Structures are given as structure tokens and as C-alpha cells.
Amino acid sequence: MSVVPMQKVRLSVYGPDVNQTLSIIQKAGAVEFISTDMAEVEEPYIEDEHEDPYPRVQHAVQFLTPYAKDKGLLKSLLEGTRTELTEDELAQKKANLDVVYPMVEDFERLQVEFAEVNEELRLLGEQHALLNTWKTLPIRLADFATRETKTLLVERKNQIDNTPLEKVLSTALLEAEIPNHVTAVDVHHVAVTVAREADVDAVIAGSDAEIVAAPSGTETPEIEFAAVSEKLAKVKGDLALLHDQAEHFSHTHLKQLQIAGEILSWQKERSAVVDEAAATTYTVIFDGWLNANKREVIEAELKKQELAAVFSELELSEGEEPPVEIENGNLVKPFEAVTRLYGMPGHTDLDPTPFLAGFFFLFFGLSLTDVGYGLFLMIVSAIVVFVFKVSDAIKMFAKLLFFVGLATVLVGMLFAGYLGIDPAMLPDSLKAIQKFDPIGNPLPVFYLALSLGVFQVMVGMLLKIYSEHKNGRLMGGIIEQGPWFFTFCMAIFALLTSLEYVAVLPMATIVNLIYVGVAMVAISGFYRGEGGMFGKIMSSAARLYDSIGYFSDILSYSRLLALGLATTALAFAVNLIAGMVVETPYVGYILAGIILLIGHMFNLAVNTLGAFIHSARLQFVEFFGKFIMGTGREFSPLKRSEEHIVVKED
């Protein structure tokens, strides 16, 4: 497949047909709408003008979700967390949305009760904490203010000082000649009783203390504390009852609310599209980008449902670039994850996914090189794909891991990588398959890695020529890449001749052809240079300097050897350590088993991550740069989200 062709279109829809038309487009996920630019417009037609229930439903879902019964990770994976619906069942759910509104009203009443009880709990909690501090005070709260006296509650600011506040404050008040009676509660808290007209604020502040608010009530703090404790226990019981109601509500209604919320979110997205549209008296006008591959299907469905809606193609503005989407077959599609990590290619570029798939497959296997690890990846991936109910994105990534696990198994057999077991201990049937020994003789693996690098770089050159041909610049592509491709071919031919694999031409002739290739490179740079003779000479020199870049790119592929060696060496080290502890009395086999399990799982995790990162890096840096000119903006169509719903085919 390739980059999906995009059309800039204008969609004209008869007002009453807007919602149904947008529903068809949303189901197809084929149009990215943009703001419509028209000189004379009216307000877009809105089919139903009433309060949007989506925020209320969504709020109910968010509030109730924590109260949902946790099914456990394994059960969630096996049963899934989304509801599967056919199109007919979905249509029925849409028609019966009104049934969820009473649920929302019940939830909102429950939430009001929650708010009231929580506020009461907060106030009682503050009162309880305050009374707990002063509960040993033997003075009734009603007696804090009399006709002759007043009682103030005083707290020390700096409670690091353990000098009794009673002593400090009594001394200060006597020095100020203020009659008083100080009742100590603890080292840092006292009650001060003074004459009603006495001004003691300055004295208290000078004693590094402050006056605090008295608790509400009439009896002694101890009695009031007991009363508040009783009220607090009752309110906590009321709150627990509300939590039980919320759990019951979540169990009985959450799924319906989630489905309704998702359907309403689709409606909200359609309404947002209408807000960006323009309108005439009877027609609503939408502009956007259309996936051309789906246009025929959409138009057929519009005709089938007898909707008055018509697409017309628009001319692109100067410098305007369409968004980019890529589509590939089932075998290649999992590798789109690698491409999307890099970013979408430009809209005039090739989709690199079909070309990187084979290289990424092979490079990952060369980086991990262990049959046991590959089988583990394949088994886990197969379970995720065929047993677990997870999102399509997770399944697609699991398929990618399955493929690279298969590559690891195949390469591991050639490298005799079996969980770090010494190849000499393997059965003869497995020894017969081995072709490389990365530990004992790493040079053949190094040469293999460099050869693959040369091959991928040359494929990139050919893809550049094809990309230029696709965009009507075949001659430019040949002039730019042809000389380098010819030079590479002659260099390979010279190497094969020197190794006596071929003997078609004398070595001197081949060397002369290499010189011809280099001259062609210089001439192509001179031909394409700008800015007069000096500019052409500099362009020619720059083209020759590209040889350094090619050499550097090819050397980068040596990382495949390094990663493969790291996996093998670490697996061997884990086995060696396990073998050293296995003779430990009583617990030897247990320790060895733990070391083998943890060591190999660590090796698998670290080197799988490394294999993925470095195999992807070789694509992004050494390969994509040869034929991808830039990155494009990813296509973002109006489509159904599927957070809580999975729509199946009827």
C-alpha cells in the first residue's frame, strides 16, 4: 500500500439531513473537517436546540467509576472492559437515550447528599479536633463570658519551647498588673480568665502566644467533645451509607451511563463540526479533507439512505498540504507502529512501512538472537491477540511483537542461542542448524551486519529514485542517486572479485569503473549546483563528501553485532552464576532457580527494549533519510471513539 490519497472537498448538505450525514461520515472515519471559509453565510442549521446532556452524563461516569467493583487484571483482560454492540444494538441504544436521564438525576441528588454530608463531616471534624485539644479544661463554655470576667484560650506559637506556658503567662500578666487566673491544659495550651475590660492582647503576643477561637457549645469541653464524637460517628455512618448507595448505583447503572456518554460524545463532536460550518437558507456547507479511498463507500451509503448531500472537490491553496494517512495489508500493518513513532511521511513521499518491515524484522532478530526469548515473545503476544480483549492498538502492537519474536527464533537457531546454553552442550540436530558463533567468532556476524547496512542504504537509493519518478522528477532522481548506486555496485563487485567469488572482469577494469562512478557523482553535483561556477564546484565537493556520511551510516549497523553479543553474553553469565550456587546445601536449587528466572527476565526485558530502539533507529536515521523528504501532519478524521463501546459488524 502507500500514502492514502487525500482530497480537499466541500460537502453540501440539506439542513434536516445534517445529523444523519455526519453520522455516516463519523462511522467511516474518513473526513477531517476544517473551518469553512465563505463570503456570505448564515448560522448553521441545528436540528435539536436543547441543553447538552453530555457534561452531566460524563460527570456521573467520572464520579461513579471509582465505585465500580474491581474485576482484577486477569479477568479484565479476559472479559474486556468495553461493551460489544452491533450496529442494530447501537441504534437501539441511541433511540433509548432518554432512559439514562432519570439515572443522572438520581445521581445528582446522591451527589448533593454527598456534598452536604461531607461538609457536615468537615465542620464536625474541625470542632472535634478543637475540643480534643481543650477537653480537660474544667470550665463550661457558657461561662467564658460573664458580666465581670472573660476567659480566653491561648496557644503557644513556638511549641519547641517546653517551658510551661502557664508559668510564662502568669508572670507576664502580674508584671503588667493585670489580675488573672490561668488554667493549664498542657504545656502549650492554657485558659486565661481576666476582668472583662482588661486588655491582654499585647501581653499574650509578647509571650510568644496567640488567642484561638473557642469551641461552640455550652457545657465543658469534655462533655461537648463526647456529644460531637457521637454526632461525628453518626455522620460517618451516613457517609458510609452513601458510599454503599454509590457502589450499588455504579453496579447497576455505570455501564449504561458509559454507553450513553460515549454516544453523546459522538453527538458533541458532530455538533462541534457544525459550529465550524457555514450555511445558506437551506444548506449547510462543510470543508475538509477526504480519504479518497472511502469516498465511493460514503456516497453509496448517502444514496442508500436518500440523503441530500454532495461532495465537490476544491483546489488547494498555494503552499497548502493535505494531512497524511497510511494503509497497509495485514502482514505489514503491525510495522506501522514503527513508522508512526518517527512521524508521518510527507504527502508526496512513499509510505516507508512496507520497505522497513523486512529490515526491522531481521534487525530485531539479530539484536536479540535467542530462541527462548523469541518463543516467550511469541507466546505472550499470541495470548494478547487471541485470548485477551484489549484495544485494537494494543493488539496491533502485540502482533508486531509476535513477528519480531518469530525473527528472534529464526535468527537464534542460526546463532545457537538457547537461553545462554553452551552450544557444545546442544543436541547434534541443533548444532547442524548453527551457522554463526557470535562469542567464539564474531567477525562473520560483523560482516553480515555491514552487508545488511550496505543493502539497506542501496534500497534507500532506489526508493528515492522511485519516489522522484512518482512525483514526476525521474531524471532528477537518477542524476542524484544513480551515480552513487553505480559506485556502490562496482565496490561490491570489486569485493566479490577480490574474494574470488566472481571472475567476470579484471580487477583493474572494476577499479576504473569505480573511478567512473565517483566522477559521475562529482559531475551530478556540478550539474545540480547553483550560484555560478563557484557554487557548482562547492556542490560537486559536497556530493563527494557524502561518501563520509554513507560510510558512517554503514558502520552504524555494527550495533547489531554489539546487541546480539550483549544478549548472548548476559544469558551465559546468568547461567554461570546459577551454576555456581546450585551446589549450596539445602537451598542450592531454589537459589539457582530464582537467579535463572530473574536474570533471564531482566535480560529479556532490557535487550528486547534495546533491540526495538536500535532497530527503529537504523530505520529512522540511516534508511528514512535516503528517500523521505519531510514529515507530514497526521490525518485526524471525525470518527467514533471506542473507549467504552466496541461496534461489531452485524
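To be clear, the structure that these remarks concern was listed above.
Not measured: the values here are computed from a predicted model. (Residues numbered from 1 in each chain as written. Predicted model: local features only at pLDDT ≥ 70, side-chain atom pairs only at ≥ 80, totals over all residues. Heavy atoms only, no water.)

Colleague: Please provide a residue-by-residue account of the sheet that holds strand β4 (residues 149-156), values included.
Modeller: Reading across the sheet, the four strands line up as β5-β6-β4-β7 and stay open at both edges, with antiparallel pairing between neighbours. Two strands close off the open sheet at either side, each with one partner strand: β5 (180-184) and β7 (209-212). Across the sheet, the mean angle separating the axes of adjacent strands is 35 degrees when strand polarity is ignored. Sheet analysis places β5 next to strand β6 (residues 189-195), joined by five bridges and oriented antiparallel. (Pairing = 2+ DSSP bridges. Helix = DSSP H or I, 4+ residues; strand = E, 2+ residues; numbered from the N terminus. Axes fitted to C-alpha atoms, helices over the stretch in contact; angles between N-to-C directions.)

Colleague: Quick rundown of helix α2 (residues 54-64)? Include the residues and the values.
Modeller: Regarding α2, the residues found buried are Tyr-54, Val-57, Ala-60, Val-61 and Leu-64. One side of α2 carries all its buried residues, which in axial view fall inside an arc of 130 degrees. Here the buried face of α2 lies against α5 (100-134) and α8 (221-275). (Buried < 20%, exposed > 50% of the residue type's maximum accessible area, 1.4 Å probe, protein only. Arc of directions from axis to C-beta. Contact = heavy atoms within 4.5 Å.)

Colleague: Outline the nonpolar core, supporting the account with residue identities and numerical values.
Modeller: In terms of nonpolar packing, the biggest core is built from 38 residues, with Phe-360, Phe-364 and Phe-623 touching the most fellow members. Secondary structure elements with two or more residues in this core: α11 (353-368), α12 (371-386), α13 (392-415), α15 (443-470), α19 (559-581) and α20 (588-623). The element best represented in this core is α11, accounting for eight residues. In contact with Phe-360, other than residues within four places in its own chain, are Phe-335, Val-338, Leu-400, Val-404, Phe-612, Ser-615, Ala-616 and Gln-619. (Core = buried A, V, L, I, M, F, W, Y, C linked by side-chain atoms within 4.5 Å.)

Colleague: Can you explain the pattern of salt bridges? Please cite residues and give values.
Modeller: One pass over the full model with this rule turns up 22 salt bridges. Note that Lys-648 and Glu-84 form a salt bridge whose closest N and O atoms lie 3.8 Å from each other. Of the two residues, Lys-648 sits in strand β13 (residues 645-648) while Glu-84 sits in strand β3 (residues 83-86), which places them 564 residues apart along the sequence. Its relative accessible area of 35% is what places Lys-648 among the partly exposed residues. Salt-bridge contacts for Lys-626 lead to Asp-553; the nearest nitrogen and oxygen are separated by 2.7 Å. A residue pair is termed long-range when its members are at least 10 positions apart, and Lys-626 in the loop between α20 and β12 (631-632) and Asp-553 in helix α18 (residues 532-556) qualify at 73 residues. Neither Lys-626 nor Asp-553 differs from the other in exposure class; each is buried. A network of salt bridges, in which partner residues are shared, links Glu-325, Lys-333, Glu-336, Arg-340 and Glu-634. (Salt bridge = Lys/Arg side-chain N within 4 Å of Asp/Glu carboxyl O.)

Colleague: I'd like to hear about the layout of surface pockets, residue by residue, with values.
Modeller: A water-sized probe, rolled over the atoms, reveals where empty space remains. If you add up the space inside the largest pocket, you get close to 1200 Å³. As for the largest pocket, its lining consists of 32 residues, of which Lys-294, Lys-333, Asp-392, Lys-639 and Glu-642 are closest to the centre. Elements with a contribution of two residues or more to the lining of the largest pocket: α1 (18-28), α10 (336-342), α13 and β13. Here the lining of the largest pocket takes four residues from α13, the largest share from any one element. Grouping the constituent residues of the lining of the largest pocket by class yields 10 nonpolar, five polar and 17 charged. (1 Å grid on protein atoms, 1.4 Å probe; cavity = no way out; pocket = protein on both sides within 12 Å on 5 of 7 lines; lining within 4 Å. Points joined across faces, edges and corners; volume = space filled by probe spheres on them. Nonpolar A, V, L, I, M, F, W, Y, C, P; charged D, E, K, R; others polar.)

Colleague: Residues and numbers for a nonpolar patch on the surface, please.
Modeller: Together, Phe-376, Val-380, Tyr-586, Val-587, Ile-590, Leu-591, Ile-594, Leu-597, Ile-598 and Met-601 make up a nonpolar patch on the protein surface, roughly 1000 Å² of accessible area in all. Elements with a contribution of two residues or more to the nonpolar patch: α12 and α20. No other element matches α20, which puts six residues into the nonpolar patch. By relative accessible area, which is 55% here, Ile-590 ends up exposed. (Patch = residues over 30% accessible without salt bridge, like charges linked within 9 Å, V, L, I, M, F, W, Y side chains within 5 Å. Areas by Shrake-Rupley, 256 points an atom, 1.4 Å probe, with all protein chains shown as cover.)

Colleague: Any chance you could break down the packing of aromatic side chains for me, citing the residues and the numbers?
Modeller: Following the criterion strictly, the structure yields 25 aromatic pairs and no others. Between Tyr-67 and Phe-114 the ring centres are 6.3 Å apart and the planes differ by 40 degrees, which places this aromatic pair in the tilted class. Linking Tyr-67 in the loop between α2 and α3 (73-79) with Phe-114 in helix α5, this pair joins segments that are 47 residues apart in sequence. Phe-114 carries the same exposure label as Tyr-67, and that label is buried. (Phe/Tyr/Trp six-rings, centres within 6.5 Å; stacked < 30°, edge-to-face > 60°.)

Colleague: Could you give an account of the environment of Ser-641, naming the residues involved and the relevant values?
Modeller: Considering the arrangement of structural elements, one finds Ser-641 in the loop between β12 and β13. Residue Ser-641 is classed as partly exposed on the basis of its relative accessible area of 27%. The spatial distance from the C-alpha of Ser-641 to the C-alpha of Trp-266 is 7.4 Å, given a sequence separation of 375 residues. Sequence-distant contacts of Ser-641, defined by excluding residues within four places in its chain, comprise Glu-262, Ser-265 and Trp-266.

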